[in-house]
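Structural overview
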Amino acid sequence: MEVYINRAAGFLPNKAVGNDEMEDYLGMVDGQPSRAKALILYHNGIKERYYALNREGDVTHTSVEMCAEAIRGLTDEEFGLEDIDVLACGTASPEQVMPSHGVMVHGELGGDRHIEVVSFAGSCCAGADALKYACMAVQLDPTLNAVAAASERMSAWMRASYFQKESEQLPRVRKYPMLAFEKEFLRWMLSDGAYALLLQGKPAAGAVSLRVDWIEITSFANSRPTCMYAGGEKDAEGRLQGWSMYPENEWLTRSLFALKQDTKILGESIVPLGVDFLLELFEKHHFTASDVDWFLPHLSSMYFWDRIQTECRSHGFCFDDSKWFVNLPHVGNLASASAFSLIEGLMHSGQLKRGQRVLVMVPESARFSYCYCMLTAV
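To start, this report covers the structure provided alongside it. Every value quoted in this text rests on a predicted model; they were computed, and no experiment measured them.

**Looking at the layout of surface pockets**
Here the largest pocket is characterised by a volume of approximately 970 Å³. Together, 48 residues line the largest pocket, and Ala 92, Gly 122, Trp 157, Ala 230 and Leu 259 are the ones closest to its centre. At the level of secondary structure, the elements contributing two or more residues to the lining of the largest pocket comprise β5 (116-121), α6 (155-158), α9 (181-187), β9 (228-229), α11 (263-285), α12 (303-314) and β14 (357-364). Residues that form the lining of the largest pocket fall into these classes: 32 nonpolar, 13 polar and three charged.

Shown next, in the form of structure tokens:
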């Protein structure tokens with residue numbers, strides 16, 4: 001059974017925040033401007049992003065509210081919320097342990113219908129997981145209307161108040177006002193927002209749809225250590241210990257719930273693993289880079305553009321720069337929602353033509369997972 005992405009919509013909160021405004025929203029740790037910020041922004045190439053915060057640091061939108069707004073963006077006089085049969089939601093920043101993110105979104109949407117809802121949490125591939133579930137639901141029953149949605153409120157992890165207790169406990173931090181780089185790195189990388197896709201068993205009438213040809217997701221956790229994490233800390237042997245292993249009084253003094261990334265492990269693994277997996281898919285699905293008209297990579301940093309091209313060339317292929325569709329500099333890193341934002345952007349760009357093939361790439365550095373998705377415009 002064929003499945004089609006017929007609609008895409010997004011919601012970005014408030015107005016775009018420029019690089020020189022970031023600490024106005026996120027605050028300064030220990031009252032001092034970041035020493036690492038300029039260097040990190042120089043390499044990641046992000047010029048603006050969106051925060052569900054005002055300048056006083058107050059939350060203006062929850063992740064659940066943003067996700068519901070994105071889903072409402074799919075509706076019109078021909079398709080309403082009451083027509084949704086399956087809702088699959090992904091996020092890397094759930095706002096509660098339970099209930100699940102998906103059912104909270106369903107509750108926010110309201111309405112008179114009880115529907116199937118499933119949630120995926122984790123990191124960047126959580127949105128791809130939701131997309132694959134929605135796709136499989138329609139394959140099982142082509143009459144269903146399935147919505148895949150992903151939302152992030154990453155600003156919740158990045159406000160200065162999150163790190164203040166740790167700062168107060170460490171005299172060396174007071175003397176040298178700079179977070180450990182594993183925590184500092186991601187403060188200047190991430191953004192807030194939500195996107196949603198409508199999947200159906202036949203293409204839309206009078207508009208370009210994207211047929212889902214295949215979705216491949218794999219984990220390299222069997223051979224790779226934890227790289228990006230929250231709610232825990234690595235021990236002396238590098239093993240991740242979850243928050244429940246620490247006494248409550250250390251949850252704040254260790255900033256256990258801060259988002260952290262080991263940039264050394266990231267640099268060693270993320271690009272080579274992605275290219276190796278892509279080579280496997282070339283053989284499995286009988287295609288090459290020249291068969292792809294649009295390459296939609298979820299990039300955490302523009303730094304990786306050249307790294308990916310160099311690694312691809314070392315294996316005898318590359319995607320021409322003109323085929324890359326990237327919105328990171330002006331939307332920011334939306335984690336699990338980034339791939340959906342790329343699909344939405346391409347569908348609304350006026351550049352997508354029937355017959356073109358679209359390859360979506362989603363790397364996840366948490367413990368190194370990868371998703372590739374092939375779409376065809378019809």
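Okay, back to it.
**A word on the sheet that holds strand β6 (residues 146-153)**
A sheet is described by the order of its strands in space; here nine strands give the open sequence β5-β4-β6-β7-β1-β8-β15-β14-β13, paired in mixed fashion. Edge strands, defined here as strands with exactly one partner in the open sheet, are β5 and β13 (294-297). If you compare each strand with its neighbour and ignore which way they point, the axes differ by 20° on average. Here helix α4 (residues 101-109) sits on the sheet in contact with β4 (86-91), β5 and β6, set at roughly 125° to β4. On top of the sheet, helix α14 (residues 338-347) reaches β1 (4-11), β6, β7 (192-200), β8 (210-219), β13, β14 and β15 (369-377); it is set at about 105° to β1, its chief contact.

**Points about the pattern of salt bridges**
This model, assessed by the stated rule, comprises 14 salt bridges. Between Asp 76 and Arg 7 there is a salt bridge whose closest N-O contact spans 3.0 Å. Pair noted here: Asp 76 is in the loop between α3 (63-72) and β4 and Arg 7 is in strand β1, with a separation of 69 residues, a long-range link. The class of Arg 7 is partly exposed, set by a relative accessible area of 22%. Put simply, Lys 15, Glu 21, Asp 24 and Arg 55 are held in one network by salt bridges that share partners.

**Some words on α3**
For α3, the tally of buried residues reaches seven of ten residues, placing the bulk of the element in the interior. Residues of α3 that are buried: Ser 63, Val 64, Met 66, Cys 67, Ala 68, Ala 70 and Ile 71. On its buried face, α3 is in contact with β1, β4, α4, β6 and β7.

**Re the packing of aromatic side chains**
Applying the stated criterion to the full structure yields 17 aromatic pairs. Geometrically, the ring pair formed by Phe 282 and Phe 317 is edge-to-face, given 5.0 Å between the ring centres and 75° between the ring planes. Of the two residues, Phe 282 is situated in helix α11 and Phe 317 in the loop between α12 and α13 (328-331); the sequence distance between them amounts to 35 residues. As far as burial versus exposure is concerned, Phe 282 and Phe 317 are alike and both buried. Look at Trp 294 and Phe 325: their rings are 6.2 Å apart centre to centre, the planes differ by 90°, and that puts the pair in the edge-to-face class. Of the two residues, Trp 294 sits in strand β13 while Phe 325 sits in the loop between α12 and α13, which places them 31 residues apart along the sequence. Assessed through its relative accessible area of 13%, Phe 325 is described here as buried.

Quick notes on the rules
The numbers attached to residues start from 1 for each chain and follow its sequence in the written order. Reporting of local features is limited, given that this is a predicted model, to residues whose pLDDT is at least 70; pairs of side-chain atoms are given and counted only at 80 or more, and all residues count toward the totals for whole chains, interfaces and linings. Values reported for side chains reflect all heavy atoms of the structure, with hydrogen atoms and water molecules removed beforehand. A cavity here means a set of 1 Å grid points, computed over protein atoms only, where a 1.4 Å probe fits but cannot escape. A pocket is an open set with protein on both sides within 12 Å along at least 5 of 7 lines, and lining residues have an atom within 4 Å of a point. Grid points are joined across faces, edges and corners, and a volume is the space filled by probe spheres set on the points. For the purposes of this entry, the term helix denotes a DSSP run of H or I that reaches at least four residues, the term strand denotes a run of E that reaches at least two, and both are numbered from the N terminus. Residue polarity is assigned by list, with Asp, Glu, Lys and Arg as charged and Ala, Val, Leu, Ile, Met, Phe, Trp, Tyr, Cys and Pro as nonpolar; anything else, Gly included, falls into the polar class. For two strands to be treated as a pair, DSSP must find no fewer than two bridges joining them. Every axis corresponds to a line fitted to the C-alpha atoms, with the helix fit spanning only the stretch in contact, and the corresponding angles, defined between N-to-C directions, vary from 0 to 180 degrees. Contacts are assigned to residue pairs with any non-hydrogen atoms lying within 4.5 Å of each other. For this analysis, a salt bridge means a side-chain nitrogen from Lys or Arg found within 4 Å of a carboxyl oxygen belonging to Asp or Glu. A simple rule labels every residue: compare its accessible area, found with a 1.4 Å probe on the protein chains alone, to the largest value its type can have, and call it buried under 20%, exposed over 50%, or partly exposed in between. Any two rings among Phe, Tyr and Trp, with Trp reduced to its six-membered ring, count as a pair given centres within 6.5 Å; such a pair is stacked if its planes are under 30 degrees apart, edge-to-face if over 60, and tilted if neither.

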